[in-house]
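# Tertiary structure, described
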Amino acid sequence: MTQIGQMLIDEGMEKGMKKGIEKGIEKGMEKGIQALIEDNREDGVSEERIIEKLQKRFSMDRGKAESYLERFTQK
């Protein structure tokens, strides 16, 4: 294999690893968000308070917090 070919392969592998790590972090964050929501719902915490906690602990805006609350609330 040529040196250029090896450089391209190495660059591609590095990009793939970075994407994989980012995806893993994202999935882990979602699991934490889901756990926070479910735990607070079980304890009877109001939706407003859960939204405030999501905003504070995960540094997200209100719209995103509301979206997660809707997504992870068992109906």
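Residues numbered from 1 in each chain as written. Predicted model: local features only at pLDDT ≥ 70, side-chain atom pairs only at ≥ 80, totals over all residues. Heavy atoms only, no water.

## Some words on the pattern of salt bridges
Summed over the entire model, instances satisfying the criterion amount to seven salt bridges. When the shortest N-O distance is used, the salt bridge between E11 and K15 registers 3.4 Å. Of this pair, E11 and K15 are both found in helix α1 (residues 3–42), four residues apart, which corresponds to roughly one turn of the helix. Relative accessible area serves as the criterion here: at 43%, E11 is assigned to the partly exposed category. Judged by its relative accessible area of 52%, K15 falls in the exposed class. Its salt-bridge partner being K18, residue E14 comes within 3.8 Å of it at the nearest N-O pair. One end of the pair is E14 and the other is K18, both in helix α1 and four residues apart, which spans about a single turn. (Salt bridge = Lys/Arg side-chain N within 4 Å of Asp/Glu carboxyl O. Helix = DSSP H or I, 4+ residues; strand = E, 2+ residues; numbered from the N terminus. Buried < 20%, exposed > 50% of the residue type's maximum accessible area, 1.4 Å probe, protein only.)

## Side note on the confidence of the model for the protein chain
In the predicted model, the protein chain carries a mean pLDDT of 91, and the fraction of residues at 70 or more is 97%. For the protein chain, the element scoring lowest by mean pLDDT is α1, at 89; helix α2 (residues 47–58) scores highest, at 97. (pLDDT = per-residue confidence, 0-100.)

## Things to note about the packing of aromatic side chains
A complete count under the given rule lists one aromatic pair for this structure. With a centroid separation of 6.0 Å and 5° between ring planes, the pair formed by Y68 and F72 is classed as stacked. In this pair, Y68 and F72 are both assigned in helix α3 (residues 62–72), four residues apart and thus about one turn of the helix distant. Taken individually, Y68 and F72 each receive the classification buried, so the pair is uniform in this respect. (Phe/Tyr/Trp six-rings, centres within 6.5 Å; stacked < 30°, edge-to-face > 60°.)

## What to know about unusual backbone geometry
A positive phi is found at S59, a non-glycine position, where the angle reads about 50°. Within the secondary structure layout, S59 lies in the loop between α2 and α3. Note on S59: relative accessible area 68%, which makes it exposed.

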